[in-house]
Amino acid sequence: MALDLFSPVKLGAITLKNRMVMAPLTRSRAPKGTGVPQDLNVTYYAQRASAGLIVTEATPISAMAHGYILLPGIYTDAQVAGWKRVTEAVHAKGGKIVLQLWHVGRISHPSLLPNNELPVAPSAIQPAGQTYTYEGLADFVEPRALEAAELPGIIAEYVHATKCALAAGFDGVEIHAANGYLLDQFLRDGSNKRTDNYGGSIENRARLLLEVTKAVVDVAGSDKVGVRISPVNPFNDMQDSNPQALFNYVADQLNQFNLAYLHAVEGGIHGGGESASFDFEQMRKLFKGAYMANLAYDKARGNAAIASGHADVIAYGVPFIANPDLVERYKTDASLNEADSETFYGGTEKGYTDYPTLPA
Ligand code: PHB
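Enquirer: For the side chain of His 66, give the residues involved together with the corresponding values.
Expert: Take His 66: it is sitting in the loop between strand E4 (53-60) and helix H2 (77-92). In this structure His 66 touches Pro 60, Leu 71, Pro 72, Tyr 75, Val 104, Ser 108, Leu 112 and Leu 113, once residues within four positions along its chain are discounted.

Below, the structure written as structure tokens:
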């Protein structure tokens, strides 16, 4: 029988009961200050445990990795204890869950950082746009360029956060190298103007991602690590002069780690269009491991991508916000709940844990 969304699959060490992945989704419902997941967050993730795999919301790996309000974290003991309740609830319902490791780099604001420090980035280039702070919308600022000597410290933050995620019971971790955040800022030449070993050539710009991946793999085991990229997503003022060459190189280099999966955002998020044309099939063929495709897939396109061999699994975002039982709805061709974008970020259980499931 042809493979489809409902066929089981193994991504590295992680066995999935189906190929529908809940994509990472920022929901901004962790408490200010502590970033410790609460009952509400436990309920939200447990409701979605019928997904083959949940990728958590992007989660800051250190105090300096924060860029938005009300985010959970994965670097303190209290956060580990909070996330442990999430992983236990998901596992109790037969689900699998990996944590997405996040450093936002320049997509932040001093008011969100310890001691009002400047955000850090590959180069001191202020991104166009604004961010939400606890005081309201504020322009992004010109970040401070990281010294090469500071990069081992950044890698150490990824290692510490990975250890925290494993202690919290996650089935693995996903390295967030997409959407204009720190690792993506190093990858793409619109945001990386460095003249040292971490800038200039494609090999140099990919160096930090590959070093982080090696360090995370060394701690977690390669079969528990995924990497997320977004070659042509212009979100967060991002661009690159030759994304095909860059991300073909990245996909090929990542082969050395024997990862659980490569996760690609195949376009621009938040309706932003694409920054360049790109042949995702070409990049996908260069990568020898499992491939997770994301962006505006529905059931038919997801099944087609799996049947053709383009993707092994499909990550669904907005549909999982509004349909905790999305797998069952796709299985039975039931209608879907509409997502309410007003409640995507911040707030209460409204638009978070109160979307109805199909009658039992
Ligand atoms: C967002 O909050 O809009 C957001 C966060 C993380 C991403 C992408 C978008 O990777």
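Enquirer: Which residues make up the sheet that holds strand E10 (residues 172-176), and what are the values?
Expert: Strand order in the closed barrel made by the eight strands is E3-E4-E5-E10-E11-E12-E13-E14, with parallel pairing throughout. The mean angle between the axes of side-by-side strands here comes to 25 degrees, regardless of whether they run parallel or antiparallel. As paired elements, E10 and strand E11 (residues 225-229) share four bridges and run parallel to each other. Looking across to E11, one finds that Val 173 is bridged to Val 225. Contacts between H2 and the sheet are confined to E4 and strand E5 (97-102), with E5 contributing the most and set at about 150 degrees to the helix.

Enquirer: Any details on the pairing of strand E7 (residues 130-133)? Residues and values, ideally.
Expert: Judged by which residues are buried, E7 turns out to be one-sided: Thr 131 and Thr 133 face inward and are buried, whereas Gln 130 and Tyr 132, on the alternate face, are not. In terms of strand pairing, E7 meets strand E8 (residues 136-139) through four bridges, oriented antiparallel. Of the residues in E8, the one forming a bridge with Tyr 132 is Leu 137. Remark: two residues form the turn of the hairpin made by E7 and E8, two consecutive strands paired antiparallel.

Enquirer: Give me the lowdown on the site of the ligand, citing residues and values where you can.
Expert: Taken together, Thr 26, Trp 102, His 176, Asn 179, Tyr 181, Phe 235, Ile 269, His 270 and Tyr 345 make up all the residues around the ligand. One of the side-chain nitrogen or oxygen atoms of His 270 is found 2.7 Å away from an oxygen atom of the ligand. Between the ligand and Tyr 345 there is a distance of 3.3 Å, counted from an oxygen atom to a side-chain nitrogen or oxygen. Because more than half of its atoms lie within 2 Å of the grid, the ligand is assigned to the largest pocket. Looking at the shell around the ligand residue by residue, the class counts come to five nonpolar, four polar and no charged.

Enquirer: Tell me about the pattern of salt bridges, and please be specific about residues and values.
Expert: This model, assessed by the stated rule, comprises 12 salt bridges. Between Arg 205 and Asp 240 there is a salt bridge, with the nearest N and O atoms lying 2.9 Å from each other. Of this pair, Arg 205 sits in helix H5 (residues 202-220) while Asp 240 sits in the loop between E11 and helix H6 (243-254); the two residues are 35 residues apart in sequence, bridging distant segments of the chain. With respect to class, Arg 205 is no different from Asp 240; both count as buried. Notably, a salt bridge pairs Lys 285 with Glu 281, separated by 3.6 Å at the nearest N-O pair. Here the residue Lys 285 and the residue Glu 281 both occupy positions in helix H7 (residues 280-286), the gap between them amounting to four residues, near one helical turn. A residue is classified by how much of its surface remains accessible, and Lys 285, at 58% relative accessible area, is exposed. For Glu 281, a relative accessible area of 28% puts it in the partly exposed group. Residues joined by salt bridges that share partners form a network here, namely Asp 189, Arg 205 and Asp 240.

Enquirer: Give a description of the layout of surface pockets that names residues and reports values.
Expert: Of the pockets and cavities examined, the largest pocket occupies roughly 1100 Å³. If you trace the largest pocket, you find 41 residues lining it, with Leu 25, Thr 26, Ile 269, His 270 and Tyr 345 closest to the centre. Elements with a contribution of two residues or more to the lining of the largest pocket: E5, E7, strand E14 (313-316) and helix H9 (318-322). Class assignment of the residues belonging to the lining of the largest pocket gives a composition of 25 nonpolar, 14 polar and two charged. Forming the boundary of the second largest pocket are 18 residues, of which Gly 33, His 66, Tyr 75, Leu 112 and Tyr 134 lie nearest the centre. Here the residues of the lining of the second largest pocket are counted per class, giving 11 nonpolar, six polar and one charged.

Enquirer: Report on the packing of aromatic side chains, specifying residues and quantitative values.
Expert: Overall, the coordinates contain nine aromatic pairs when judged by the stated rule. Ring geometry for Tyr 44 and Tyr 45: centres 4.8 Å apart, planes at 70 degrees, overall edge-to-face. Neither Tyr 44 nor Tyr 45 differs from the other in exposure class; each is buried. For the ring pair Trp 83 and Phe 170, a centre distance of 5.5 Å and an interplane angle of 65 degrees mean the geometry is edge-to-face. In this pair, Trp 83 is assigned in helix H2 and Phe 170 in the loop between helix H3 (151-167) and E10, connecting sequence segments 87 residues apart. Here Phe 170 falls in the buried class, since its relative accessible area comes to 4%.

Quick notes on the rules
- Residues numbered from 1 in each chain as written.
- Predicted model: local features only at pLDDT ≥ 70, side-chain atom pairs only at ≥ 80, totals over all residues.
- Heavy atoms only, no water.
- Helix = DSSP H or I, 4+ residues; strand = E, 2+ residues; numbered from the N terminus.
- Contact = heavy atoms within 4.5 Å.
- Pairing = 2+ DSSP bridges.
- Axes fitted to C-alpha atoms, helices over the stretch in contact; angles between N-to-C directions.
- Buried < 20%, exposed > 50% of the residue type's maximum accessible area, 1.4 Å probe, protein only.
- Near = heavy atom within 4 Å.
- Polar contact = N/O pair within 3.5 Å; in protein donor to acceptor, adjacent residues only side chain to side chain.
- 1 Å grid on protein atoms, 1.4 Å probe; cavity = no way out; pocket = protein on both sides within 12 Å on 5 of 7 lines; lining within 4 Å.
- Sits in = over half its atoms within 2 Å of the grid points.
- Nonpolar A, V, L, I, M, F, W, Y, C, P; charged D, E, K, R; others polar.
- Salt bridge = Lys/Arg side-chain N within 4 Å of Asp/Glu carboxyl O.
- Points joined across faces, edges and corners; volume = space filled by probe spheres on them.
- Phe/Tyr/Trp six-rings, centres within 6.5 Å; stacked < 30°, edge-to-face > 60°.

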